[in-house]
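Report on the structure
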Amino acid sequence: MHMNVAPHLLTEDRAEYERVLDDALSTAHARPDLDGVGTRLTVAQLRAMTLNATALITTAAASEYDHFVKVREQNRAAIDTRIPLADPGTGAGVVAIVTVMVPVLAGTAAAILLLVGAVLHALAPTVVFGETLLTAGLVFAALAAAGLLSAGAGLLLTALRNRPAAADGTATADDELTQAREAWRRALLERGILPFLRAALAATDPPAPPNP
């Protein structure tokens with residue numbers, strides 16, 4: 001169990017801190033200043049020591065972390081306000097419901113009228129009612145087709161209108177967030193974790209032999 005959590009380090013970023021630490025320890029063999037890893041102190045020992053010193057280590061990258069958190073909160077707020085939820089009670093919601101329902105209802109009515117009209121016309125060609133049902137079915141079929149075209153045009157216009165804002169705004173916000181996260185990770189590694197590991201290893205150096 002981890003003993004300390006930095007006062008300014010949010011719980012959701014604890015895993016990111018541990019990933020930076022694990023990356024540093026896994027590549028310690030490629031760093032001459034960390035050549036004591038695995039001999040003077042084991043990886044497990046160094047990891048436990050670094051986790052217990054989280055509050056001290058993260059202070060070295062406090063400014064980058066504060067900027068990262070600020071950018072992340074702004075990005076989340078922008079996402080929450082970019083696409084408001086539709087209110088079924090508003091005029092736009094009613095129009096959307098009607099646009100969807102008209103083709104469905106008209107298509108269903110057309111299918112029923114055409115089927116019944118065709119059956120009546122086949123059984124009794126002289127009965128005018130059968131032709132009337134066929135005519136009504138064709139009218140409803142035309143309404144269904146018009147409704148589908150209208151709904152398709154509305155969806156296309158909405159997609160075209162929203163695409164530039166989503167492409168530009170979201171991409172820019174994501175880029176800024178990525179840059180802020182990487183700046184914090186780099187500062188955390190170079191100014192916090194690596195100096196702590198070097199100091200921990202230096203503290204275990206064997207004493208120098210006495211002068212003869």
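Since we're looking at a predicted model, the values are computed, not measured.

**Some thoughts on the packing of aromatic side chains**
Summed over the entire model, instances satisfying the criterion amount to three aromatic pairs. Centre to centre, the rings of Y65 and F68 are 6.4 Å apart; their planes meet at 55 degrees, and the pair counts as tilted. Of this pair, Y65 and F68 both sit in helix α4 (residues 62–82), three residues apart, roughly one helical turn. By the burial criterion, Y65 is buried, and F68 matches it.

**A closer look at the packing of helix α1 (residues 14–26) against helix α2 (residues 43–52)**
Here α1 crosses α2 at 145 degrees, and the two axes come no closer than 11 Å. Crossing hand, α1 versus α2: right-handed. Residues R14, Y17, E18, L21, D22 and L25 of α1 touch α2, and the partners they reach there are V43, L46, R47, T50 and L51. Residue composition of the contact of α1 with α2, grouped by class: six nonpolar, one polar and four charged.

**Observations concerning α2**
Buried within α2 are the following residues: L46, T50 and L51. Buried residues along α2 cover an arc of 130 degrees about the axis, so they all sit on one side.

**Quick word on a nonpolar patch on the surface**
Residues I112, L115, V116, V119 and L123 make up a contiguous nonpolar surface patch of about 490 Å² in total accessible area. If you trace the backbone, L115 turns up in helix α5 (residues 91–123).

**Observations concerning the pattern of salt bridges**
Tallying each qualifying case throughout the model produces 13 salt bridges. One salt bridge connects R47 with E18, and the closest N-O pair in it is separated by 3.3 Å. Placement of the pair is R47 in helix α2 and E18 in helix α1, with a sequence separation of 29 residues. Among the residues examined, E18 registers a relative accessible area of 15% and is labelled buried. Note that R191 and E64 form a salt bridge whose closest N and O atoms lie 2.8 Å from each other. With R191 in helix α6 (residues 128–202) and E64 in helix α4, this residue pair connects regions lying 127 residues apart in the sequence. Within the structure, one salt-bridge network assembled from shared partners comprises E12, D13, R72, E73 and R76.

What counts and how
- Residue positions are given per chain, counted from 1 along the sequence in the order it is written.
- The predicted origin of the model limits local features to residues at a pLDDT of at least 70 and limits the giving and counting of side-chain atom pairs to 80 or more, whereas totals for whole chains, interfaces and linings rest on all residues.
- Calculation of side-chain values draws on the structure's entire complement of heavy atoms; hydrogens and water are dropped beforehand.
- Between 30 and 60 degrees the pair is tilted, below 30 it is stacked and above 60 it is edge-to-face, where a pair is any two Phe, Tyr or Trp rings, Trp via its six-membered ring, whose centres lie within 6.5 Å.
- Each helix is a run of DSSP H or I of at least 4 residues and each strand a run of E of at least 2, with the numbering of both proceeding from the N terminus.
- Three labels apply to residues, based on accessible area from a 1.4 Å probe with only protein chains included: buried if under 20% of the type maximum, exposed if over 50%, partly exposed otherwise in between.
- Between N-to-C directions, angles span 0 to 180 degrees; the directions come from axes that are lines fitted to C-alpha atoms, helices contributing only their stretch in contact.
- We call a crossing left-handed when the near helix sits turned anticlockwise from the far one by less than a right angle, and right-handed when that turn is clockwise.
- Should any heavy atoms of two residues lie within 4.5 Å, those residues are considered in contact.
- Three classes are used, and their members are as follows: Ala, Val, Leu, Ile, Met, Phe, Trp, Tyr, Cys and Pro are nonpolar, Asp, Glu, Lys and Arg are charged, and the others, Gly among them, are polar.
- To obtain the arc, one takes the directions from the helix axis to the C-beta atoms.
- Like charges within 9 Å and nonpolar side chains (Val, Leu, Ile, Met, Phe, Trp, Tyr) within 5 Å are joined into patches, using only residues over 30% in relative accessible area that form no salt bridge.
- In short, Shrake-Rupley with a 1.4 Å probe defines the accessible areas, and a residue's cover is counted only from the protein chains shown.
- Whenever Lys or Arg places a side-chain nitrogen within 4 Å of a carboxyl oxygen from Asp or Glu, that contact is recorded as a salt bridge.

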